[in-house]
Structures are given as C-alpha cells and as structure tokens.
Amino acid sequence: MRRRNHWIGLAFLLALGLLAGCSRGQEPEQGQGEQQSREPEQSQEEQEDETGTDVSQDTPKDAGQWYAKGDEIEGQCFDAVLEPLGAVSFRSYDPGEAAGEYGDAVFLIWKNNAVWQQLDGMTEDNLREGLKVKSVDAVSFGDYNQDGFDDILIISTYLDSQEESVGEVRYYEGSSQGNFNLMRELSGTMTQELTSYTIAGAREYLAAEFGLPKEPAGAGTGGNGQSTLDAAEQLDLIAANRELWRGTEDYIDYCYIVTDLDQNGRLEVMNASLQGSGMFTYAVCYEVNAEGTGLDPISQGETEYDAWPDIAVNKAQVHYDSTADAYWYEIDDYMRDGAAKGVTVRMLLTKNGKSIATETLGADMRVSTENSESHTYYNGEGDEIALEEYENVVSRRCQGMEHKTVLFGWLYMEPGEIDLFSEEELRRKLEESWNGFRIS
C-alpha cells in the first residue's frame, strides 16, 4: 500500500512524456517548513538503519528503537500544520513482513525531509501479542486538551485470536517542544469505555475527561470542532478582510466562494483561477479562526507552490467518512498538452487541519489524431489498468462512506471587479455564495 497524492499522478504522466514541455514550472528550493509530496530525498547526513527507516541528524535523540515497517497505508497519510511544529507530513505504515505476525502499524512525523518523531507504540517493541492489525481507520489532529498545542488521535482495528474485530483508540498529547507523548493509560481506558470507535466519540470522551466543552474549537480531522460563531458575523469578518484573499493580478479572471468544507462551523473563503495553456487551477484559501477575530491561511499541504484540482465546479460528489469525521470531495483535474493530448486525473480533496490535502486515485490519458482517439488508464501509483478498474477507483476508495452531493456557489468576476464593490456590496455577494453552498 502506497501513499497517493497529486504529485504521484503528475510524475508518471510526465515520465511518460504526455505533459513534456507542459509542466507547472520549476519547483522551488525547499526551505524551512516547506514540504514536497514525494518521498524525502536522502541527504549526506542521513543513514538507513536495519529496519529501513531513514534517520537524520534532525531526528530527536529520544526517538528510541526504530520499529520495523512496510508500505505506507493508503488514505492515512496527511499533510498538516500543527502547533508548534508548523508544516509536517504524517505517515502511517503497515508492519511489513519483518515485524512478524503481531507487528503493529507504525506512525512517523516528517518535517523538512527528515523523520521528526516516531510515535510510540502501545508496547515497547511495537508487537501486539494475540492481536493482528487489520486497519488504521482514522487519524485526527486537534488541541483536545486546549493547552495551545495540537494532539493526535488514532483509531485502529485489530483481529484477536478468535479472528474477531477489536477497536482501539490512541491519544498522543502534544508538547511545547513539538513532540507527541502517548497517553497509554488514558488510551486504554478510553478504548474500554467507548461503545463505538469514531473520532467524534473520542473527542467527546476527551472533552469530558479534561472538563471541556464537548466540541473544542479546532478539534477533529481537519479541525472539525463545531464552532458557535454566527455565520452572519463571519461573513462580516470575511468582507472586512478582502485584501487577504482577493486575487491580486489585474489580468486574471478570478472566481470566489464561501464554504465550510470540513463542516466545523467556521467559514472558508477562497479565490480560484484557471491559468495557462495547460489549464491549471490556482487558488488561495482562508478560514475564520476559532476566536472569530481574524482569518487563518489554509495551505495546500506539501504542494503549496503547485496547482490545485479543478475546484471551480458547481456540483460534485462528496464522501463522508464518519469514523474520521472527514469529508472527501470528488474533484477531478484536467490538464492538456495542446489540442491532441490531455489527461484527467481523478482526485479526492479534503480539508485537513490548516491545510488542503489531495489524493490521486487514477488518470485517463487521452491522445488524439486526425482520425482516432485513444485512452490509457492508470491507478494512483501510475500502473496501467483496464477501463473497468479505472471507473471504480472512487467507489473502491470510498467504500463504507456516506455518499452525498455538494453544490458550490462560485462568484465569477472579471479582472479587478472585486475592488469595485463597497464592503456592504461585497458582504451581500459573499452571502449569496454561502447560501449556494449545500451538502445533501
């Protein structure tokens, strides 16, 4: 199982020569806090231990024993912005053959192309006698104890000796140093007392444990704590901060939208534009902060400098994962290399904390000639597949989720048009967009 993301789809298409001469520009040199969505490159300081884990001088010295691990787990690898670390990549791995029959899943935090921390397992050697890991069901980031530092929740399923499914919830408490400490006793008690294993249930349990409101602001996968902020007040705030999110180029047609992608009650405002002969979508996104006093930027995870999927659509399918409390929007990305060549990349998009994460599921590569048109299909790893398999990549990935329809209320504007509105007029436009956003 391997991680799927936007760059995987682009990489194999570029390698095949489909988009040669039509790439999205040079990647910037990586600086502090920037992430790339392919595997981190090895540096001279890095070395590989016997378990295959890349270790660098940036790795905390208290990382302890490195657990044996296999491939990355599909759907459970995320880019996130966490307090106080900033931009990181969270990666889940299956145990791999080297771990043996009772090896547990492995979780690593990557930052700046190096392992920042290996999360502690429930046992010292990460072996679960009598339990076989079946799946990692959900990963959630949020400040659950409201100490100012983000924490991590992980829900997994195991098979016991009778081959019965057994759920487990882990709570990792964040610290001012940016490390995450496994609260084993609390995790064990929570696992025993919960009747169903969901992120929402775990949040409520922790809120009661810490004597906090049931839905702390910023909790949940993508920060799904339910806000009590009034929508009208949030629209006022967004209108008053137009300089943050407006399109800045006077020759580009921008479109704007107000959404609540993760349904946490805090509104997002976004601008998007279609640019270049390759038909690339670029966007900027902000969200009302938990206090309702300003707007926080929402990054595009590890690929902030890259184009987005084609989000400026009026209608799409959205798949709700109740276990992770996450909404996955089915947004394709179309690119072309002249009139004769093009590719449609099938993608899912979700708001994950303070970032937008995407997952590549497959691609349809089209080549046209004067008399014919051919299509070649790929999965998210770049392997060629049959049409039937390609048509089912979304249904397989979203199996067991609740399937819904989303309507978007995009506002299409000519270059500079947004600056012609008074704040009151802009406020009415934003309300029109917000009223057009519906999930049903």
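For the structure itself, consult the block above.
Just so you know, these numbers come straight off a predicted model, no measurement behind them. In this numbering scheme, every chain counts its residues from 1 along its sequence in written order. Per-residue local features of the predicted model are confined to residues with pLDDT of at least 70, and side-chain atom pairs are confined, for both listing and counting, to 80 or more; whole-chain, interface and lining totals are unaffected and use all residues. Here the side-chain values reflect all heavy atoms present in the structure, with hydrogen atoms and water set aside.

S.K.: Help me get a handle on the overall build of the protein, residues and values and all.
M.R.: In DSSP terms, a helix is any run of H or I states spanning at least four residues, a strand is any run of E spanning at least two, and both are numbered starting from the N terminus. The number of helices and strands found in the protein is eight helices and 24 strands. With a 1.4 Å probe rolled over the protein chains alone, any residue whose accessible area is under 20% of its type maximum counts as buried; one over 50% counts as exposed, and the rest are partly exposed. By residue count, 55% of the 440 residues in the protein fall in the buried class. Throughout, a residue-residue contact means that at least one pair of heavy atoms, one from each residue, lies within 4.5 Å. Considering only intrachain contacts with a sequence separation of at least 6, the fraction spanning at least 24 residues in the protein is 60%. Here, Shrake-Rupley sampling with a 1.4 Å probe gives the accessible areas, and only protein chains in the shown set may cover a residue. Surface accessibility of the protein: about 19500 Å² in total, with carbon and sulfur atoms responsible for 45%.

S.K.: Account for the packing of aromatic side chains, naming residues and giving values.
M.R.: Each aromatic pair joins two rings of Phe, Tyr and Trp (for Trp, the six-membered one) with centres within 6.5 Å, and gets the label stacked for planes under 30 degrees apart, edge-to-face for over 60, and tilted for any other angle. Counting across every chain of the model gives 10 aromatic pairs. The interplanar angle of 25 degrees and the centroid separation of 5.9 Å between the aromatic rings of phenylalanine 90 and phenylalanine 107 together place this pair among those described as stacked. Note that phenylalanine 90 is positioned in strand S4 (residues 86-93) and phenylalanine 107 in strand S5 (residues 106-111), a separation of 17 residues in sequence. Here phenylalanine 90 matches phenylalanine 107 in class, with each residue buried. Both rings, one in phenylalanine 408 and one in phenylalanine 437, keep their centres 6.0 Å apart while their planes meet at 45 degrees; by these two values the pair is tilted. With phenylalanine 408 in the loop between strand S22 (402-407) and strand S23 (411-412) and phenylalanine 437 in the loop between helix H8 (423-436) and strand S24 (438-439), this residue pair connects regions lying 29 residues apart in the sequence.

S.K.: Could you give an account of empty space enclosed by the protein, naming the residues involved and the relevant values?
M.R.: Of the two site types, the cavity is a set of points on a 1 Å grid over the protein atoms alone where a 1.4 Å probe fits but cannot get out, and the pocket is an open set with protein on both sides within 12 Å along at least five of seven lines, each lined by residues with an atom within 4 Å of a point. Grid points are joined across faces, edges and corners, and a volume is the space filled by probe spheres set on the points. Here the structure, examined in full by the defined rule, presents three cavities of 30 Å³ or more. The computed volume of the second largest cavity comes to approximately 90 Å³. Lining the second largest cavity, in full, are Ile257, Thr259, Leu261, Met270, Trp308, Ile311, Tyr329, Ile331, Leu349, Phe408 and Trp410.

S.K.: Outline the pairing of S5, listing residues and values.
M.R.: Summarising burial for S5: six of the six residues are buried, a large majority. Residues of S5 alternate between two faces, with Val106, Leu108 and Trp110 on one and Phe107, Ile109 and Lys111 on the opposite face, all of them buried. Summarising the sheet, S5 and strand S6 (residues 114-118) pair through four bridges and their orientation is antiparallel. Its bridge partner being in S6, leucine 108 is matched across the sheet by glutamine 118. In textbook terms, the turn of a hairpin is the stretch between consecutive antiparallel strands, and for S5 and S6 this stretch comprises two residues, one of which, asparagine 112, has a positive phi near 55 degrees. For two strands to be treated as a pair, DSSP must find at least two bridges joining them.

S.K.: Let's hear about the layout of surface pockets: which residues, and what values?
M.R.: Reported here for the largest pocket is a volume of approximately 580 Å³. Looking at the largest pocket, it is lined by 32 residues, and the ones nearest its centre are Ile73, Glu74, Gly75, Gln76 and Val136. Listing elements by their share of the lining of the largest pocket, those giving two or more residues are strand S7 (132-142), strand S16 (326-330) and helix H7 (393-397). Looking at the lining of the largest pocket, the element that brings in the most residues is S7, giving seven residues. The residue makeup of the lining of the largest pocket, split by class, is 15 nonpolar, eight polar and nine charged. Under the scheme applied here, ten amino acids are nonpolar (Ala, Val, Leu, Ile, Met, Phe, Trp, Tyr, Cys and Pro), four are charged (Asp, Glu, Lys and Arg), and all others, including Gly, are polar.

S.K.: How would you explain the nonpolar core if you had to name every residue and give the values?
M.R.: Nonpolar side chains in soluble globular proteins generally cluster together in the buried interior. In this description, a nonpolar core means a group of buried Ala, Val, Leu, Ile, Met, Phe, Trp, Tyr and Cys residues linked to one another through side-chain atoms lying within 4.5 Å. Counting residues in hydrophobic clusters, the biggest one holds 45 residues, and the most contacted among them are Phe90, Leu119, Ile152, Leu153, Ile154 and Met190. Judged by nonpolar contacts, the second largest core, of 43 residues, contains Ala239, Leu267, Leu295 and Phe408.

S.K.: I'd like a rundown of H8, residues and numbers included.
M.R.: Residue count minus one, scaled by 1.5 Å, sets the expected span of a helix. The end-to-end C-alpha distance of H8 is 20 Å, a good match for the 20 Å that 14 residues give at a rise of 1.5 Å each. What H8 keeps buried is the set Leu426, Arg427, Leu430, Ser433 and Trp434. Down the axis of H8, the buried side of the element spans an arc of 120 degrees, and every buried residue falls inside it. Packing partners of the buried residues in H8 comprise helix H4 (231-240), helix H5 (242-245), strand S11 (255-259), S23 and S24. Throughout, the arc means the angular range of directions from the helix axis out to the C-beta atoms.

S.K.: Talk me through helix H3 (residues 199-210); I want residue IDs and the actual numbers.
M.R.: Its 12 residues place the ends of H3 16 Å apart at the C-alpha level, agreeing with the 16 Å of an ideal helix rising 1.5 Å per residue. Where H3 is buried, its residues contact S7, strand S8 (151-159), strand S9 (165-174) and helix H2 (184-193). Where H3 starts, the residue carrying a side-chain oxygen 3.0 Å from the main-chain nitrogen of glycine 201 turns out to be threonine 198. Once H3 ends, the next one or two residues include glycine 211, with phi positive near 70 degrees. Think of a polar contact as two N or O atoms within 3.5 Å of one another; within protein, one of them needs to be a possible hydrogen donor and the other a possible acceptor, and neighboring residues in sequence only count if both atoms come from side chains.

S.K.: Outline the environment of glycine 292, listing residues and values.
M.R.: Summarising the element assignment, glycine 292 is placed in the loop between strand S13 (280-288) and strand S14 (295-298). Taking the C-alpha atoms as reference, glycine 292 lies 9.1 Å from aspartate 230; in sequence the two are 62 residues apart. Not counting residues up to four positions away in its chain, the partners in contact with glycine 292 are Leu229 and Leu237.

S.K.: So what's going on with the packing of H2 against H3? Which residues, and what values?
M.R.: Their axes nearest at 11 Å, the elements H2 and H3 cross at an angle of 120 degrees. By the angle class used here, H2 and H3 are oblique. Considering how the two elements wind past one another, H2 and H3 form a crossing that is right-handed. Residue-level inspection shows Leu186, Thr189, Met190 and Glu193 of H2 in contact with H3, the latter providing Ala202, Tyr205, Leu206, Glu209 and Phe210. Angles run from 0 to 180 degrees between N-to-C directions of axes, and those axes are lines fitted to C-alpha atoms, restricted for helices to the stretch in contact. Reported orientations rely on four angle classes, namely roughly parallel under 35 degrees, roughly antiparallel over 145, roughly perpendicular from 65 to 115, and oblique for the rest. By definition, turning the near helix anticlockwise from the far helix through less than a right angle yields a left-handed crossing, and turning it clockwise yields a right-handed one.

S.K.: Describe in detail the environment of leucine 206, supporting the description with residues and values.
M.R.: Here leucine 206 shows up in helix H3. Given a relative accessible area of 0%, leucine 206 falls into the buried group. Once you skip the residues sitting within four places of it in the chain, leucine 206 turns out to touch Tyr144, Leu153, Tyr171, Leu186 and Met190.

S.K.: Explain the packing of H4 against H8 to me, and be specific about the residues and the numbers.
M.R.: Each pair of packed helices can be summarised by the angle the axes make with each other and by the distance between the axes. The contact between H4 and H8 brings their axes to 9 Å, and the two run at 125 degrees. Overall, the two elements H4 and H8 adopt an arrangement that is oblique. Remark: the crossing between H4 and H8 carries right-handed chirality. Taking contact as the criterion, the partners of Ala231, Ala232, Leu235, Asp236, Ile238, Ala239 and Ala240 in H4 are, on H8, Glu423, Leu426, Arg427, Leu430, Glu431 and Trp434. For the contact of H4 with H8, the per-class residue count stands at nine nonpolar, no polar and four charged.

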